Amino acid sequence: MIPFLDLKAQHAELEPQLMRAAQRVIGRAQFTLGPETQVFEAALAEFCGARHAVAVNTGTSALHLALLAAGVGPGDEVITTPATFVATIAAIQYVGAIPRLVDIDPDTWTLDPARIETAITPRSRAILPVHLHGRMADMTAIMNTARAHGLVVIEDAAQALGASADGLRAGAHGDLGCFSFYPGKNLGACGEGGAVVTNHPEFDERLRRLRDWGQSRKYLHAEKGFNYRMDELQAAFLSVKLPHLERWNHARRVAAARYDRLLRGLRVAHPAPAEDERHVYHVYAVRVRDRDAVRGRMAPAIATNAHYPIPVHLQPAFADLGYRRGDFPIAEAFCDETLSLPMFPGIGDDQIDVVCRRLGEAIQQTLIIAGEAA
Ligand SMILES: Cc1ncc(COP(=O)(O)O)c(C=O)c1O
């Protein structure tokens, strides 16, 4: 079986350092807001090219606090995409704001900047692009629109640590950038984690307060906050792994290039980032008709996935958004067709070859059954 993701290989390589990091933290017996968090925050800020990084317990908390720090509140509208993980939309609702969804660009599969303008109303407060699969949304166009209308930009870069465009890393284009260190992410904790990066000192200060119960000093609660602190163990593990991220992201790009080459002859659409853009392939997805049938035919030999099979506006839990099927046809078609192939640093050329061969066969079998084979 070819796995979708192989975390064990990554951890085996670093096991001695991870164990030493754990011993250091346990020996010090300081488990939150200690030196490990500070060291990781400094390294992350430098990696992203941002002035500040604030470590928190999940990517969802990062989004929640970024929205609060930016002053987004009840009744405000936040423009974002329906083709994302539910956390993006949930975080907007956590602060009492209204997600204003717009469709995606059919080529990049991210928020379509050309559609943002029509979604802007007097209540618009922020734009929240999502760098889906590790590919950056068109931040130049988004920032131009945001600045023209006085809107805050919060990047959901949960899937895109290390991606870049126009010489700037994901998270450093907008006013705030949010990351997730969920174990399967390109930089994964040995548990949960998240962070917000920003160049604005006032946002940095507010984020630090909000993640620790709104305390401006011990037991002085300047405002209502949350327990969203990153724990020292995760910070120590992430500091071990961060120096390897560039190499891992490079390995993902090399694997993606092989997929691109081998998939050329098949009836699938696959990502085609621009020359000056650095995609980090958190997910390598193709678009294929009858996705579920194709997936079924690839199993169990090949583990595949779909990110995400149902757009957020069609999820039962988000019926309160008031949207219906047909409202975002490009995102809906994308979610119907998207198929994520095995992708991880260390995936073998032979494994990619087998995946592509099985994908080709599965598509052919599906077409024959549909009576459409060439
Ligand atoms: C696009 C996106 N946003 C937000 C999140 C939430 O991150 P976390 O799972 O760390 O809360 C994720 C991770 O699953 C994600 O993929």
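Above this note sits the structure.
Throughout what follows, the structure given in this document is the object of discussion.

1. A closer look at the overall build of the chain
Now for step 1: Tallying secondary structure elements over the chain gives 12 helices and 14 strands in all.
Now for step 2: For 374 residues, the compact-globule estimate of 2.2 N^0.38 gives 21 Å, and the chain sits close to it at 21 Å.
Now for step 3: For the chain, the spread of C-alpha atoms along the principal axes amounts to about 70 × 55 × 35 Å.
Now for step 4: When the accessible surface of the chain is summed, it comes to about 15,600 Å², and 54% of that surface belongs to carbon and sulfur atoms.

2. Considerations on the site of the ligand
Now for step 1: Near the ligand there are 16 residues, and of these Gly59, Thr60, Asp156, Ser180 and Lys185 occur at the shortest range.
Now for step 2: Between the ligand and the protein, one listed contact pairs an oxygen atom with a backbone N or O atom of Gly59 at 2.8 Å.
Now for step 3: Side-chain polar atom of Thr60 to an oxygen atom of the ligand: 2.5 Å apart, as the coordinates give it.
Now for step 4: Burial of the ligand by the surrounding chains reaches 92%, relative to a free accessible area of 380 Å².
Now for step 5: Residue assignment for the shell around the ligand shows that the elements contributing at least two residues are helix 3 (59-69) and helix 4 (86-94).

3. Details of the pairing of strand 5 (residues 152-156)
Looking along a regular strand, one sees side chains alternate from face to face of the sheet.
Now for step 1: A large share of strand 5 lies buried, amounting to five of its five residues.
Now for step 2: Pairing analysis gives two bridges linking strand 4 (residues 124-128) to strand 5, with the strands arranged parallel. Looking across to strand 5, one finds that Ile127 is bridged to Val153.
Now for step 3: Between strand 4 and its parallel partner strand 5, the chain crosses via helix 6 (residues 139-149), and the hand of that crossover is right-handed.
Now for step 4: In this sheet, strand 8 (residues 176-180) lies alongside strand 5 in parallel orientation, the contact comprising three bridges. Bridging across to strand 8, Asp156 finds its partner in Cys178.

4. A word on the sheet that holds strand 6 (residues 164-165)
Now for step 1: Read across the sheet, three strands follow the order 7-6-12 without closing on themselves; strand pairing throughout is antiparallel. With one partner strand each, in any of the chains shown, strand 7 (168-169) and strand 12 (277-278) form the two edges of the open sheet.
Now for step 2: In this structure, strand 6 lies alongside strand 7, joined through two bridges in antiparallel fashion. Note on strand 7: the bridge partner recorded for Ser164 is Arg169.

5. Points about the pattern of salt bridges
Now for step 1: Per the stated rule, a full pass over the model turns up 23 salt bridges.
Now for step 2: With a shortest N-O distance of 2.7 Å, Arg206 and Glu223 are connected by a salt bridge. Of this pair, Arg206 sits in helix 7 (residues 201-210) while Glu223 sits in the loop between strand 11 (220-221) and helix 8 (232-241), and the two are 17 residues apart along the sequence.
Now for step 3: Of the charged contacts in the structure, one is a salt bridge between Glu223 and Arg209, with a shortest N-O distance of 2.9 Å. Note that Glu223 is positioned in the loop between strand 11 and helix 8 and Arg209 in helix 7, a separation of 14 residues in sequence.
Now for step 4: Overlapping salt bridges bring together Glu41, Asp204, Arg208 and Arg211 as one network.

Thresholds, definitions, all that
Residues numbered from 1 in each chain as written. Predicted model: local features only at pLDDT ≥ 70, side-chain atom pairs only at ≥ 80, totals over all residues. Heavy atoms only, no water. Helix = DSSP H or I, 4+ residues; strand = E, 2+ residues; numbered from the N terminus. Rg over C-alpha atoms; globule rule 2.2 N^0.38 Å. Areas by Shrake-Rupley, 256 points an atom, 1.4 Å probe, with all protein chains shown as cover. Near = heavy atom within 4 Å. Polar contact = N/O pair within 3.5 Å; in protein donor to acceptor, adjacent residues only side chain to side chain. Buried < 20%, exposed > 50% of the residue type's maximum accessible area, 1.4 Å probe, protein only. Pairing = 2+ DSSP bridges. Right-handed = clockwise from strand over helix to strand, strands pointing away. Salt bridge = Lys/Arg side-chain N within 4 Å of Asp/Glu carboxyl O.

Such coordinate-based values are descriptive only and should not be taken to indicate function.
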